[in-house]
Amino acid sequence: MPSNPQITTAELDFDTLLEAIKSYMSQHEDLLDANFDGSVLAQIADVLAYNTHLLALVANFSLNETFLDSAQLRSSLVSHAKPLGYVPNSKTASLAIIDVAALSVPAATADLTLSALTEFSASIDDETYTFYTLEDYVATEAGDYTFEDVEIYEGTWKTKKFFVDNADDDYPIYVIPDFNIDTDTIVVVVRDGIGSTDLETYVRATAITDLDSDSAVYFLQESPRGYYEIAFGEGISGKRPPVGSIVEVSYLATNDKDANGISSFTTTATVDGFDLSISTITASAGGADRESIESIRFNAPLLRSSQNRLVTVNDFSAFVNNQISNIEALNIWGGEDNDPPNYGHVYIAAKPVGSDGLSAIQKTQLEALIRERSVIDLRPVFVDPSYQYLVVEADVVYDSSKTSLSESQLKTALASVIETYGDDELADFDSVFYLSKLLSDLDDYSNAILGSTATVFFQNRLFPTLNARDSYEFSTVEAIKTPSTSTDSVLTSTGFSTVVNSVTVTAFIRNIPGSTTLEMYYISGSSEVIISNVGSIDSSMGSVSVGPFTPTAYDATKGIQFTITPQSQTAISPLRNLLLRIDTDETAVSVTKGV
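What exactly am I supposed to notice about the overall build of the chain here?
Counting its secondary structure elements, the chain contains eight helices and 32 strands. Against the globule reference of 25 Å for 595 residues, the chain gives a C-alpha radius of gyration of 32 Å, more extended than a compact globule. For the chain, the spread of C-alpha atoms along the three principal axes comes to 105 × 85 × 50 Å. Counting the 595 residues in the chain, one finds 44% classified as buried. Counting only contacts in the chain whose residues sit at least 6 apart along the sequence, the fraction spanning at least 24 positions is 68%.

Structure below.
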């Protein structure tokens, strides 16, 4: 028999496998004259190729699932993360902060208590949601019987009970069969037995080195099926509930991000018979889905490398991501990299999903945990995100014969391309705006696009005090273009109201053409009336000084918007706690038919 070609059983391409099998069989001495393209042998070769192909795929998939970097199934990622000490974050309940005032309370009434699990209701998008307090709040006569900064969390309060009945099971595991659980709200208590009023509260273990046989702790992990599991110590690293006791696990089952953005709440609850009035301090935010597999893949090794101690920036990043489950963007830098330098401190800028920054209670809790784990005395400084808005003006040339879209439809579609670029490319603190990448996305939208150009501007929003004469300063993320000609305008503002000679006018601010000096003016008929000089631009530092001036009204949502030309159009890089955002309301797209 002649030497046969090798069949690579790990080959993933069906046609390659089929040709290899045909070649192999055709060299057999009994099959030298066989037709492998139009006979029963062709069918046999197909079956063999399909079988080999499927086995190769299964082997490839199975091998991929054995590594953290290549696994695609959530159960595989969770299994790889477990030896690293990483527990994937669950869903997160939306949080709102309110003040609750007790009504018509007589003077000298004793302190009032708003109990944990007090219910509040709210609606959004024709859906009604329930919010709960998770702790007690106290109101006093000195505080006008108002419960201040009450935190309420969205969800349904549930309790799952387990009977401890097997003394021979060294490591019993109690599964919570609910995909909607927010594990941060879990409360575990152990009763001595059915109907017993003697109970002990167990807390989640965070560091095994601090545990002994009397530690009332539980361990949390995600199971391969996606449920979370509760486990207890074996009597050495944590107390074990005795046989005959009842384990009660209570938690919030949440609708996560669906309940974000609610600002009006009601309740039928009373406190000692007094009705309640609600004032919203912060609308609901922070609700988020459970941690994605890509997030697990990224964060699990970081947490392992930190070894439950905080020294490097990566240590802090992994720790914060593990403690706050709904982080959308995070940046951490040492005090030596701050401006100005502040040695001995670590700066943390975090943006949770649906919120502009961490809540006060989150900052307090994180600070305490960081101080426990910091090897050296690094003091955390929490910095709320700030935003550099960008305005994009695009000009696109297209071939009308290659698209069925009208001119207005094409403008709308290309504006959506710009919006998608902002959502996808500018999500994090270190995301850089590249004009070339945006132009490439515009060109790739359709083969009808012949070419595109675009100009990007900074947009800074100023919210000055109304009816007060004052000066203000703000900065752009990079240098501002220096006016080079007598007609070169690099800064303009939207209109705002001010009083000139006892008359209210709509005024604007711009740089004097060709100069870095700012002037305020208004339009009377067809003429521009200069009011006064009101500040200047420091182009190289990217800073603007405005004032003194006295605004009496402006856009309550976006303030006075300053549109500013950057020195460079190529790339815009944020620093520290700055996030880049494209103001899609101001996006301008013009389209021109190509010749």
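It is not clear to me how empty space enclosed by the protein should be interpreted in this structure. Could you clarify?
Over the atoms a probe the size of a water molecule is rolled, and this reveals where empty space is left. As enumerated under the stated definition, the model contains one cavity of 30 Å³ or more in all. Volume-wise, the largest cavity comes out at about 40 Å³. What lines the largest cavity is simply I348, A349, A350, G357, L358, K363, F382, V383 and D384. Take the lining of the largest cavity: its biggest share by element is three residues, from strand β16 (residues 345-352). Looking at side-chain class alone, the lining of the largest cavity contains six nonpolar, one polar and two charged residues.

Would you mind going over the side chain of E151 with me for this structure?
Here E151 is to be found in strand β6 (residues 146-154). K363 provides the closest opposite charge to the buried, unpaired E151, separated from it by 11 Å. Engagement of the side chain of E151 in a polar contact is seen with the side chain of Y153, the distance being 2.9 Å. Those residues within four positions of E151 in sequence are excluded, and the remaining contacts are L95, A96, I97, Y132, T133, L134, Y137, S359 and I361.

Which parts of the structure should I look at to understand the pairing of strand β24 (residues 503-511)?
Here is the key point about a regular strand: its side chains alternate between the two faces of the sheet. Sheet topology places strand β23 (residues 496-500) next to β24; five bridges connect them, and they run antiparallel. Residue pairing in the sheet places V500 in a bridge with V503 of β24. Here β23 folds back onto β24, and the loop between the two strands holds two residues, one of which, N501, carries a positive phi near 55°. Pairing geometry for β24 and strand β25 (residues 517-524), over five bridges, is antiparallel. The partner of I509 across the bridge, within β25, is M520. What sits between β24 and β25 in their antiparallel hairpin is a turn of five residues, with G514 showing a positive phi close to 80°.

Conventions adopted
Residues numbered from 1 in each chain as written. Predicted model: local features only at pLDDT ≥ 70, side-chain atom pairs only at ≥ 80, totals over all residues. Heavy atoms only, no water. Helix = DSSP H or I, 4+ residues; strand = E, 2+ residues; numbered from the N terminus. Rg over C-alpha atoms; globule rule 2.2 N^0.38 Å. Buried < 20%, exposed > 50% of the residue type's maximum accessible area, 1.4 Å probe, protein only. Contact = heavy atoms within 4.5 Å. 1 Å grid on protein atoms, 1.4 Å probe; cavity = no way out; pocket = protein on both sides within 12 Å on 5 of 7 lines; lining within 4 Å. Points joined across faces, edges and corners; volume = space filled by probe spheres on them. Nonpolar A, V, L, I, M, F, W, Y, C, P; charged D, E, K, R; others polar. Lys, Arg positive; Asp, Glu negative; His and termini not counted. Salt bridge = Lys/Arg side-chain N within 4 Å of Asp/Glu carboxyl O. Polar contact = N/O pair within 3.5 Å; in protein donor to acceptor, adjacent residues only side chain to side chain. Pairing = 2+ DSSP bridges.

Purely spatial values, then, with no claim about function.
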